[in-house]
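Architecture and fold: a report
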Amino acid sequence: MTHTEVADVLIVGAGLAGLTCARELASHGLTPLVLEAADDIGGRVRTDSVDGFLLDRGFQVLLTAYPLTRQTLDYDRLRLRAFEPGALVRIESGFHLVSDPFRRPGSALATIRAPIGTWGDKRRVAQLALRLKSRSVEEIFARDEARTVDRLGALGFSARMIDTFFRPFLGGVFLDPKLETSSRMFEFVFKMFGADRVCVPAGGMGEISRQLGEGLPVGGLRTSARVLSVGRNAVTLESGETLSARAVVVATGGSEAGQLAGLGDVPPYHSALCHYFAADEPPVRQGILVLDGDGRGPVSNLAVMSRVSETYAPPGRELISATVLGDAIDSVDVAAVRAQLRDWFGRQVDSWEEVGRYRIADALPDQSPGAGGVHPHSQKTDAGVFVCGDHRVHGSIEGAILSGARLAERIRAHLQAA
């Protein structure tokens, strides 16, 4: 068995949090080494190229208003492509537009007429957006915490508005169709949706990880390097090799972080199942989110990704993503998915070719008050191992990047004091 001191900081996991931590440490003259069990960086934020189609590992979007994400990433280089504001909601055999009247004034009448909640509900949406616009992110995360479904009721929204719009929309954002997610997260995300665009990079969501990885020093990454155990100053790889450093960071997903670092406060995770289909014609011609307002499922939301960005499909072809949430992911098959979409779009669905399927077991942490809610968690264990990840802050791209950046600052102070 070899024992080699290789870096100032060993970071286990090359997801957004680990890459951000490593990049920040390197920018201040420290030497990180990132150890990734998979064959490439990105964790959950990866994109596969399959026969000319770009398949993100599960339906994902970038909210460009995220404060630290905006500072960290070069959006111009990502060549962002934006979704149409709002959503098409499937209700009672028809599709109804719910748009942002501040960005699409011409859609206001269609939104008001849509059989989704009452006129008062739509007025309350606008009032909520204005109220959150004037509230800082810090203020939002300091507010009292309740389940999102309870907060929506307290705000006066009708049961129909909650069930036909908020449940499929926010349920898809949080992977939580029951809307038990913390109201802090609901208000934060709702503010971000209203503040700027919802986008994907032209090269797929994996380009976010790729850009963060560019900040690593030469030799600062080892892929296909599975870590079996960690200690204050060393890690042991599956190969039997032991590496040592001045500090060790566990930056894996929550379940693995709990096992490696002995964490007792990792929440359970929500899962998601994403089907990708190739088609000759798009079922909708807009790059807009399509929601299941009837709640019949199994598909919760759908998007024609090639209408958001033409780069997601080869010329003359369309790429469609369909996401299944909740208990259905363990029992539903592609035939059930096709049956629902055939009801929506007709027989054209029979010609769609399934080009990919992703089941993401640990997609987003449970952020319900009953599971601990949304608040900062400790980033250092009693054994002296550091930890970062979305489960330490909140489940989002912003949460992962923020966790990695915060930890890098803390490690710098720790090493300077040592």
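Structure report, in brief. Treat the numbers as computed from the prediction; the structure is a model and nothing was measured. (Residues numbered from 1 in each chain as written. Predicted model: local features only at pLDDT ≥ 70, side-chain atom pairs only at ≥ 80, totals over all residues. Heavy atoms only, no water.)

**Some thoughts on the packing of aromatic side chains**
Applying the stated rule across the entire model yields 16 aromatic pairs. Plain terms: the ring middles of Phe277 and Trp352 are 5.8 Å apart, the flat faces sit at 45° to each other, and that makes the pair tilted. Here Trp352 lies in the loop between helix H13 (334–345) and strand E18 (353–365) and Phe277 lies in strand E14 (residues 269–279), a separation of 75 residues in the sequence. Each ring, one from Phe345 and one from Trp352, has its centre 6.2 Å from the other, and the planes form 40°; the classification is tilted. With respect to class, Phe345 is no different from Trp352; both count as buried. (Phe/Tyr/Trp six-rings, centres within 6.5 Å; stacked < 30°, edge-to-face > 60°. Helix = DSSP H or I, 4+ residues; strand = E, 2+ residues; numbered from the N terminus. Buried < 20%, exposed > 50% of the residue type's maximum accessible area, 1.4 Å probe, protein only.)

**Here we look at the sheet that holds strand E17 (residues 318–325)**
Pairing between the strands of a sheet is mediated by backbone hydrogen bonds and can be parallel or antiparallel. Strands sit in the order E8-E7-E15-E16-E17-E14-E18 across an open sheet of 7 strands; the sheet is mixed. On the outer flanks of this sheet lie strand E8 (94–98) and E18, each paired with one strand and no other. If you compare each strand with its neighbour and ignore which way they point, the axes differ by 25° on average. Of the pairings in the sheet, the one linking strand E15 (residues 289–292) to strand E16 (residues 299–304) comprises 2 bridges and is antiparallel in character. (Pairing = 2+ DSSP bridges. Axes fitted to C-alpha atoms, helices over the stretch in contact; angles between N-to-C directions.)

**Let's talk about the packing of helix H8 (residues 159–174) against helix H9 (residues 183–195)**
Interaxial distance between H8 and H9 falls to 11 Å at its minimum, and their mutual angle equals 95°. With respect to H9, the axis of H8 lies roughly perpendicular. Contacts between H8 and H9 involve Phe166, Phe169, Leu170, Val173 and Phe174 from the former and Met185, Phe186, Val189, Phe190 and Phe193 from the latter. Per-class residue counts for the contact of H8 with H9 are 10 nonpolar, no polar and no charged. (Parallel < 35°, antiparallel > 145°, perpendicular 65-115°, else oblique. Contact = heavy atoms within 4.5 Å. Nonpolar A, V, L, I, M, F, W, Y, C, P; charged D, E, K, R; others polar.)

**Topic: the nonpolar core**
In this structure, Ile11, Phe165, Phe166, Val249, Leu319 and Ile411 are the most contacted members of the largest nonpolar core, which totals 94 residues. When residues in this core are grouped by element, the largest group, 8 residues, is from helix H14 (residues 397–417). Those residues in contact with Ile411 that lie beyond four places of it in its chain are Val9, Cys21, Leu25, Ala247, Val249 and Phe386. (Core = buried A, V, L, I, M, F, W, Y, C linked by side-chain atoms within 4.5 Å.)

**Focus on the sheet that holds strand E5 (residues 62–63)**
In spatial order, the strands read E5-E9-E6; together these 3 strands make up an open sheet with antiparallel pairing. The open sheet is flanked by E5 and strand E6 (80–82), the only strands paired with a single partner. Two elements, E6 and strand E9 (residues 198–201), share 3 bridges in a ladder whose sense is antiparallel. Directly across from Leu80, in E9, lies its bridge partner Pro201.

**Focus: H9**
Between its first and last C-alpha atoms H9 spans 18 Å; for 13 residues at 1.5 Å apiece the expected length is 18 Å, and the two agree. Counting buried positions along H9 gives 11 out of 13 residues, so the element sits mostly inside the fold. A side-chain oxygen of the first residue of H9 lies 3.0 Å from the backbone nitrogen of Arg184; this N-cap is Ser182. (Expected span 1.5 Å × (residues − 1). Polar contact = N/O pair within 3.5 Å; in protein donor to acceptor, adjacent residues only side chain to side chain.)

**What about the pairing of E17?**
A large share of E17 lies buried, amounting to 8 of its 8 residues. One ladder, built from 8 bridges, connects E14 with E17; its direction is antiparallel. Counterpart to Ala278 in the pairing with E17 is Leu319. As paired elements, E16 and E17 share 5 bridges and run antiparallel to each other. Bridge pairing links Val304 to Ile320 in E17.

Purely spatial values, then, with no claim about function.
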